[in-house]
Amino acid sequence: MPKSSAPAAATPSIAEFEHSLDELEQLVTRMEGGELSLDESLKSFERGIGLYRHCQTALEQAELRVRLLLDPEAPETAEAFDSRTD
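In this text, all values refer to a predicted model and were calculated from it rather than measured experimentally.

(A) Up close: the overall build of the protein. Within the protein one finds two helices and zero strands. Sorting the 86 residues of the protein into buried and exposed places 15% on the buried side. Looking at the protein alone, contacts between residues at least 24 apart form 47% of all its contacts between residues at least 6 apart. Accessible surface for the protein amounts to roughly 7400 Å². Of this, 57% is attributable to carbon and sulfur atoms.

Here it is as structure tokens:
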């Protein structure tokens, strides 16, 4: 049973990341439209920075998890598997 709880714990993080990324994309679209007031633009920019930082942290944590899976003994030296053939 412990194995079934691991994916469930990861699911909210993935959903939160996707929600944050979607909201960030919507903010950028609104800001690029040029119809926001200065105050709205500043608030949107501030919110966008927060969303960006949240997404960046989630990506860094995912990268660390991948490194740990690739080489649990020395994650800092883990190299990604290259499936391409030359």
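(B) Structural context of the environment of Leu51. Within the secondary structure, Leu51 is located in helix H2 (residues 38-70). Given a relative accessible area of 2%, Leu51 falls into the buried group. Separated by 34 residues in the primary sequence, Leu51 and Phe17 place their C-alpha atoms 9.0 Å from one another. The residues touching Leu51, leaving out its near neighbours within four places in the chain, are Ser20, Glu23, Leu24 and Leu27.

(C) Structural view of the environment of Glu76. Tracing the backbone shows Glu76 in the segment after H2. Glu76 sits 12 residues away from Leu64 along the chain, and the two C-alpha atoms are 8.8 Å apart.

(D) Focus on H2. The first and last C-alpha atoms of H2 sit 47 Å apart over 33 residues, in line with the 48 Å expected at 1.5 Å per residue. Turning to H2, its buried residues are Ser44, Gly48, Leu51 and Cys55.

(E) Examining the side chain of Ser20 more closely. Secondary-structure assignment places Ser20 in helix H1 (residues 2-33). Not counting chain neighbours up to four residues away, the residues in contact with Ser20 comprise Leu51, His54 and Cys55.

(F) Focus on the layout of surface pockets. The space that makes up the largest pocket amounts to roughly 300 Å³. Around the largest pocket, the lining comprises 13 residues; the ones closest to its centre are Ser13, Ile14, Ala58, Gln61 and Ala62. Those elements that place two or more of their residues in the lining of the largest pocket are H1 and H2. Here the lining of the largest pocket gets eight residues from one element, more than from any other, and that element is H2. Among the residues forming the lining of the largest pocket, the class breakdown is seven nonpolar, four polar and two charged.

(G) Spatial organisation of the environment of Leu21. By the secondary structure assignment, Leu21 is in helix H1. A relative accessible area of 33% places Leu21 in the partly exposed class. The spacing of Leu21 and Gly48 is 27 residues in sequence and 9.5 Å in space, taken between C-alpha atoms.

Cut-off values and rules
- Residues numbered from 1 in each chain as written.
- Predicted model: local features only at pLDDT ≥ 70, side-chain atom pairs only at ≥ 80, totals over all residues.
- Heavy atoms only, no water.
- Helix = DSSP H or I, 4+ residues; strand = E, 2+ residues; numbered from the N terminus.
- Buried < 20%, exposed > 50% of the residue type's maximum accessible area, 1.4 Å probe, protein only.
- Contact = heavy atoms within 4.5 Å.
- Areas by Shrake-Rupley, 256 points an atom, 1.4 Å probe, with all protein chains shown as cover.
- Expected span 1.5 Å × (residues − 1).
- 1 Å grid on protein atoms, 1.4 Å probe; cavity = no way out; pocket = protein on both sides within 12 Å on 5 of 7 lines; lining within 4 Å.
- Points joined across faces, edges and corners; volume = space filled by probe spheres on them.
- Nonpolar A, V, L, I, M, F, W, Y, C, P; charged D, E, K, R; others polar.

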